[in-house]
Amino acid sequence: MIMSTLSEAYQDHPLHPHHVIPLDFDSVRALPDTHVWPPASHALESDDRLSIPTVDLTDPDAGKLVGQACEAWGAFQVTNHAIPLDLLREVESEARRLFSLPTEQKLKALRSPGGATGYGLARISPFFNKYMWHEGFTIMGSSIDHARDLWPNDYQRFCDAMEDYQKRMKELAITLMHLILKSLDISEEERTRVVSAGGASTALQLNSYPFCPDPNRAMGLAPHTDTSLLTILHQSTVNGLQIFKDGVGWVLVSPTNGSLVVNVGDLLHVLSNAQFPNVLHRVVLKENQQRLSLAYFYCLPSDFHISPLAPLNPTRMPLFRSVSVRDYIGIKAKNLEKALSLIRF
Ligand SMILES: C=C1C[C@]23C[C@@]1(O)CC[C@H]2[C@@]12CCC[C@@](C)(C(=O)O1)[C@H]2[C@@H]3C(=O)O
Ligand SMILES: O=C(O)CCC(=O)C(=O)O
Ligand SMILES: [Fe+2]
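Residues numbered from 1 in each chain as written. Chains lettered and ligands numbered in written order. Predicted model: local features only at pLDDT ≥ 70, side-chain atom pairs only at ≥ 80, totals over all residues. Heavy atoms only, no water.

> Just give me the short version of the overall build of the protein chain, but keep the residues and values in it.
In terms of helices and strands, the protein chain carries 10 helices and 14 strands. Against the compact-globule benchmark of 20 Å for 345 residues, the protein chain has a radius of gyration of 19 Å, which places it among compact chains. In terms of overall dimensions, the protein chain has C-alpha extents of about 55 × 45 × 40 Å along its principal axes. Within the protein chain, buried positions represent 54% of all 345 residues. The contacts of the protein chain with a sequence gap of at least 6 include a subset with a gap of at least 24, amounting to 77%. With the model as given, the accessible surface of the protein chain reaches about 15,200 Å², and the carbon-plus-sulfur share is 52%. Here the protein chain carries 31 positive and 37 negative side-chain charges, and the mean point of each set is 4 Å from the other. (Helix = DSSP H or I, 4+ residues; strand = E, 2+ residues; numbered from the N terminus. Rg over C-alpha atoms; globule rule 2.2 N^0.38 Å. Buried < 20%, exposed > 50% of the residue type's maximum accessible area, 1.4 Å probe, protein only. Contact = heavy atoms within 4.5 Å. Areas by Shrake-Rupley, 256 points an atom, 1.4 Å probe, with all protein chains shown as cover. Lys, Arg positive; Asp, Glu negative; His and termini not counted. Charge placed at Lys NZ, Arg CZ, Asp CG, Glu CD.)

> Before we move on, can you summarise the UniProt feature "domain: Fe2OG dioxygenase" (unreviewed entry) in the protein chain with the specific residues and values?
Here the UniProt feature "domain: Fe2OG dioxygenase" (unreviewed entry) sits at residues 199-300. The span residues 199-300 is 6% helix and 45% strand, and its two end C-alpha atoms sit 8 Å from each other. (UniProt positions renumbered as here; feature names shortened; annotations may be inferred.)

> Residues and numbers for the site of ligand 2, please.
Of all residues adjacent to ligand 2, which total 13 residues, the nearest are Asn207, Tyr209, His281, Arg291 and Ser293. Between ligand 2 and His224, the relevant distance is 3.2 Å, taken from an oxygen atom to a side-chain nitrogen or oxygen of the residue. Burial of ligand 2 by the surrounding chains reaches 96%, relative to a free accessible area of 300 Å². Sorting the residues of the shell around ligand 2 by element identifies β5 (202-209), β6 (219-224), β11 (281-284) and β12 (291-298) as the ones contributing at least two each. Of the residues that constitute the shell around ligand 2, the class distribution is 7 nonpolar, 4 polar and 2 charged. (Near = heavy atom within 4 Å. Polar contact = N/O pair within 3.5 Å; in protein donor to acceptor, adjacent residues only side chain to side chain. Nonpolar A, V, L, I, M, F, W, Y, C, P; charged D, E, K, R; others polar.)

> Any details on the packing of helix α6 (residues 156-183) against helix α7 (residues 188-198)? Residues and values, ideally.
For any two helices packed against each other, one specifies the crossing angle of their axes together with the interaxial distance. It is at 10 Å that the axes of α6 and α7 come closest, and there the two elements cross at 145°. Handedness of the crossing formed by α6 with α7: right-handed. The segment α6 lies against α7, with Ile174, Met177, His178, Leu181 and Lys182 engaging Arg191, Thr192, Val194 and Val195. In terms of residue class, the contact of α6 with α7 is made up of 5 nonpolar, 2 polar and 2 charged. (Axes fitted to C-alpha atoms, helices over the stretch in contact; angles between N-to-C directions. Left-handed = near helix turned anticlockwise from the far one by under 90°.)

> Can you explain the site of ligand 1? Please cite residues and give values.
Taken together, the neighbourhood of ligand 1 is formed by 13 residues, with Tyr10, Arg123, Ile124, Asp226 and Thr227 sitting nearest. Between an oxygen atom of ligand 1 and a side-chain N or O atom of Thr227, the distance comes to 2.5 Å. Coverage of ligand 1 by the protein chains reaches 95% of its 460 Å² of free accessible surface. At the level of elements, α1 (6-11) and β5 are the ones that each hand at least two residues to the shell around ligand 1. Here the shell around ligand 1 is composed, by residue class, of 7 nonpolar, 4 polar and 2 charged.

> Give me the lowdown on the packing of aromatic side chains, citing residues and values where you can.
Tallying each qualifying case throughout the model produces 5 aromatic pairs. Considering the side-chain rings of Trp37 and Phe128, the 5.7 Å spacing of their centres and the 40° angle between planes classify their relative orientation as tilted. One end of the pair, Trp37, is in the loop between α1 and β1 (54-56); the other, Phe128, is in the loop between β3 (118-120) and β4 (135-139), and 91 residues separate them in sequence. With relative accessibility at 12%, the residue Trp37 sits in the buried group. With a centroid separation of 5.1 Å and 45° between ring planes, the pair formed by Trp151 and Phe158 is classed as tilted. Side by side, Trp151 and Phe158 carry an identical accessibility label, which is buried. Ring-pair connections join several aromatic residues into one group, and the members of that group are Phe137, Trp151 and Phe158. One Lys or Arg, Lys245, reaches over the ring of Trp73 and ends 4.8 Å from the middle of that ring. (Phe/Tyr/Trp six-rings, centres within 6.5 Å; stacked < 30°, edge-to-face > 60°. Lys NZ or Arg CZ within 6 Å of the ring centre and 35° of its normal.)

> Tell me about α7, and name the residues and values.
Among the residues of α7, those classed as buried are Arg191, Val194, Val195, Ala197 and Gly198. The arc that holds every buried residue of α7, seen down its axis, measures 160°, which confines them to one face. Exposed positions of α7 whose direction lies more than 90 degrees from the buried face are Glu188, Glu189 and Ser196. The inward-facing, buried residues of α7 contact α6, β5, α8 (266-271) and β12. (Arc of directions from axis to C-beta.)

> Before we move on, could you go through the nonpolar core and cite the residues and values that matter?
Of all hydrophobic cores here, the largest spans 107 residues; its most connected members are Phe137 and Leu206. Top element by residues in this core is α6. It accounts for 12 residues. Leu206 has contacts with Ala95, Leu98, Phe99, Glu135, Gly136, Phe137, Ile139, Phe158, Met162, Ser293 and Leu294, leaving out every residue within four places of it along the chain. (Core = buried A, V, L, I, M, F, W, Y, C linked by side-chain atoms within 4.5 Å.)

> How would you sum up the coordination of the iron ion (ligand 3)? Please name residues and give values.
Six octahedrally arranged donors around a metal ideally form angles of 90 or 180 degrees; four tetrahedrally arranged donors ideally form angles of 109.5 degrees. Around the iron ion (ligand 3), the protein supplies His224 (NE2), Asp226 (OD) and His281 (NE2) as donor atoms, at distances of 2.1 to 2.2 Å. Within one chain, the residues serving as donors to the iron ion (ligand 3) are arranged as H-x1-D-x54-H. Of this pair, His224 sits in strand β6 while His281 is found in strand β11, placing the two residues 57 residues apart along the sequence. (Donors = N, O, S within 2.8 Å, 3.2 Å for Na, K, Ca; no water.)

> Which residues make up the side chain of Arg291, and what values go with them?
Its place among the elements puts Arg291 in strand β12. A distance of 3.0 Å separates a polar side-chain atom of Arg291 from the backbone oxygen of Val238. Once residues within four sequence positions are removed from consideration, Arg291 is found in contact with Asn207, Ser208, Tyr209, Gln235, Ser236, Val238, Asn239, Gly240, Leu241 and Val283.

> Hey, could you go over helix α3 (residues 85-99) for me, with residue numbers and the actual values?
Between the first and last C-alpha of α3 there are 21 Å, a value that for 15 residues agrees with the 21 Å anticipated at 1.5 Å per step. Of all the residues in α3, the buried ones are Leu87, Leu88, Val91, Glu92, Glu94, Ala95, Arg97, Leu98 and Phe99. (Expected span 1.5 Å × (residues − 1).)

See the structure below:
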């Protein structure tokens, strides 16, 4: 069976170049009005009682703990995940090398309006009337074409690091997906059908939040949910990621050395019949330094039809109609966070 790639699903929804081309961050001395946001509502400092759970993947109870975290928070951190610290450092350093290039050089790898990969603003940009203080670089599989445009004589190091990282992240995503679906009592056959389809449809997003002259009035990444099944996030040492918990508000997710943040995305929310919240999150700029993050999205191919998986807990009635990933991406490209309500019965 030929799985259709995720990038095909974005071709039908081209963005206006204004929503692709980032600001020339090097040349700005003051925050332009186009980038001024109303003050972000305050977030609670996380402490042991009020932070996403941390799960040690070598814990014999890891499956149960991961299931509980998905249900209560739609997010958790993992430790002992077997991703070498050196690899995390290497990829972060290559990402830093990329974003440190002069703007005109980065624009050589600009994402095309209907494209999915390359340098540019976040896809959610058109839904907001102000621009985010953010630049991203999206990779799906090989990064060689864009890397060659950026560094004609020195692209191999970048490509090797990104390839190695995606390979290791895929293994971790598969492990996590099996644990999570098992916690929902999904049969092994059904788990394998979903998880192996996902392997063909992944993306790695390098995020940079450049040094900002007025961080309290800017927005790093506006509140959003990820479209993925799950997202595995590595954040550099700079604070900024916050997640929204119903009844509590915005909670800071502080970077802890070597642990990775896992978010439930829209697709897993649907498969779980809304048992797992697709976590709303944002990035604020509070600190006076550049922030980097690496987000690995484990998705499903665009011809995959998503609907709640049996057995259906807790209601035993499916809450969503079946829709292809391609159609869901189309609905989200037009409606953003209202997309899920449009596929709900
Ligand atoms: C697979 C993907 C998820 C993503 C769109 C993309 O094609 C690659 C970029 C991803 C990203 C990263 C920043 C936040 C986000 C909402 C966005 O605008 O681009 C996500 C997209 C998503 O989850 O829908
Ligand atoms: O930078 C971060 O911490 C979050 C990034 C993110 O939410 C994303 O890439 O979807
Ligand atoms: Fe995100």
